[in-house]
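Structure at a glance
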Amino acid sequence: MKLAGKRIVLGLTGGIACYKAAELARGLVKAGASVQVVMTEAARQFITPVTLQALSGRPVFTDQWDSRISNNMAHIDLTRDADAVLIAPCSADFMRKLVHGAADDLLSTLCLARPATVPLLVAPAMNVEMWENPATRRNADQLRSDGITLLGPVAGEQACGETGLGRMMEPESLLEELQAFFQPKLLRGSRVLVTAGPTFEPIDPVRGITNLSSGKMGYAIARAARSAGAEVTLVSGPTALAAPNGVRMLPVTTAREMHAAVMSEIAAQQVFIAVAAVADWRVSEASSQKIKKQDGSPPALAFEQNPDILAEVAALPAPPYCVGFAAESEHLLEHGAAKRRRKNIPLLVGNIGHQTFGKDDNELVLFDDTGHYPLPRAGKDMLADRLVAEIAQRIRT
Ligand code: CTP
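Residues numbered from 1 in each chain as written. Predicted model: local features only at pLDDT ≥ 70, side-chain atom pairs only at ≥ 80, totals over all residues. Heavy atoms only, no water.

**Regarding the packing of aromatic side chains**
Heads up, the condition is: Ring geometry is summarised as follows: Phe, Tyr and Trp rings, the Trp one being its six-membered ring, pair when their centres sit within 6.5 Å, and such pairs are stacked at plane angles under 30 degrees, edge-to-face over 60 and tilted between the two. The rule is short: NZ of Lys or CZ of Arg within 6 Å of the ring centre and within 35 degrees of the ring normal puts a charge over the ring.
Counted under the stated rule, the structure contains 1 aromatic pair. Measuring from centroid to centroid gives 5.7 Å for Phe 181 and Phe 182, while their planes differ by 80°, and the two rings are edge-to-face. Against the face of Phe 182 rests Lys 6, its NZ or CZ located 4.9 Å from the ring centre.

This is how it looks when you write it as structure tokens:
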């Protein structure tokens, strides 16, 4: 896990989103981070230190004068070996305190006294009117220009019953953001287009032809490229996956829609990664009515070939750096190498298709013009980071 071994100071300030901070603490610990929780007095109105202590496995600090730190320097000691301080939830009032360099409780003093090398990230959580108030807007701008990273807030229904911007990011998204924060920015300044998932080719209004691709590998690559600093567009066939944070999503259904979306975006891209399992064939004339059984004879379906998106992009006069995927059921090494040459692309990633669809891990082989290189079995997230590093290295040389 990318957060393994990271030392995170997790600060909680007053807000109903404190209940989500419990889940966040748990997620951080599960990801292998060590978590030191510090709470303000207001946060204690919403959740007890006992809960956070149990979840983080460490005593929680709330008081500047805590006698457990022998030199009475909790505000100094707690951040000296930290990798980051994350305030979640961060109230409007705590944002104000950060802007003004307040030091009137343990958490604010600790933020002020943290070494400049320890990054501070805040996840604001408040009522929509509070967030949109010019005073908060000013404070948010000031925090950004002070080098503090704001994560969210996001829009949605609020605990107070109102709807709008102000909800704290969900714990899972905060974990994703934190992981991205620590990733080396190998693709900073690049625009990357990824296709992912299956396509669905209709037969009639209720039936169609599709495949077992879950989209997991493509989404993991989009997430990894974004974490590496790229501006990512993800053209996705129908999947059950949540959109990765910070990625522009273009949902499509059929291969022709995927083709149209890719071709309208491709001119601006430096890298194209075709992970989608695109249907090679579509039904020539999908019926506009549901096809009935009638006399029991099977419907006569005629097929037409879909455009080969990757081959078409690779054949452009000035193509982006193209990466293809090959799902093979046998003879991966021969088919992979041949497919890379046929599609005329610099890098092809081979996997044993039917064994990887829907799974969380995978085993890959990279094919380029110097040979083939196995990437041993690992989680799709890890492989995606590795692949992004391989691509970054190749486009730099
Ligand atoms: N691909 C594409 N458009 C298609 C078919 C495939 O962009 N119409 C891309 C896939 O996203 C993948 C690569 O081409 O990156 C290889 O896909 P695959 O289905 O393995 O290869 P095919 O070209 O369809 O060859 P075959 O089915 O004969 O193995």
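**Quick notes on the domain arrangement of the protein**
Keep this limit in mind: Domain boundaries shown here were taken from an automatic or database domain assignment. Throughout, a residue-residue contact means that at least one pair of heavy atoms, one from each residue, lies within 4.5 Å. Two parts lose some accessible area (1.4 Å probe) when they are put together, and adding that loss for both gives the buried area. Throughout this description, the term salt bridge denotes a Lys or Arg side-chain nitrogen within 4 Å of a carboxyl oxygen of Asp or Glu. Counted as a polar contact is a pair of N or O atoms within 3.5 Å, where, for protein atoms, one must be capable of donating a hydrogen and the other of accepting one, and residues adjacent in sequence contribute only when both atoms are in side chains. Here the nonpolar group is Ala, Val, Leu, Ile, Met, Phe, Trp, Tyr, Cys and Pro; Asp, Glu, Lys and Arg are the charged ones; every other residue, Gly included, is treated as polar.
Here the domain parsing of the protein yields domain 1 (7-182) and domain 2 (191-395). Of note, the centres of domain 1 and domain 2, computed from C-alpha atoms alone, are 39 Å apart. On the domain 2 side, the residues contacting the 5 residues of domain 1 number 5 residues. With both chains or domains summed, domain 1 and domain 2 bury close to 430 Å², and 31% of this area falls on carbon and sulfur atoms. Among the residues of domain 1 in contact with domain 2, Glu 176, Glu 177 and Ala 180 are the three that bury the most area, contributing 88% of the side total. Taken together, the connections running from domain 1 to domain 2 amount to 2 salt bridges. Between Glu 177 and Arg 226 there is a salt bridge, and its shortest N-O distance comes to 3.0 Å. Where domain 1 touches domain 2, the interface holds 5 residue pairs in polar contact (both at pLDDT 80 or more). For the side of domain 1 that touches domain 2, the per-class residue count stands at 2 nonpolar, 1 polar and 2 charged.

**A look at the pattern of salt bridges**
Spelled out, the test is: Numbering of helices and strands starts at the N terminus; helices are DSSP runs of H or I of at least 4 residues and strands are runs of E of at least 2. Each residue is assigned to one of three classes by its accessible area relative to the maximum for its type, calculated with a 1.4 Å probe on protein chains only: buried under 20%, partly exposed between the two thresholds, exposed over 50%.
Following the criterion strictly, the structure yields 23 salt bridges and no others. With its nearest N and O atoms 3.0 Å apart, the salt bridge here joins Lys 216 to Asp 360. Residue Lys 216 is located in helix α9 (residues 216-227), and its partner Asp 360 is located in the loop between α13 (353-356) and β18 (361-368); the two are separated by 144 residues in the primary sequence. Its relative accessible area of 56% is what places Asp 360 among the exposed residues. One salt bridge connects Asp 308 with Lys 343, and the closest N-O pair in it is separated by 2.9 Å. Taken together, the residues span a long stretch of sequence, with Asp 308 in the loop between β15 (303-305) and α11 (309-314) and Lys 343 in helix α12 (residues 332-343) at a distance of 35 residues. When salt bridges that share partners are traced, they join Asp 368, Arg 386, Glu 390 and Arg 394 into one network.

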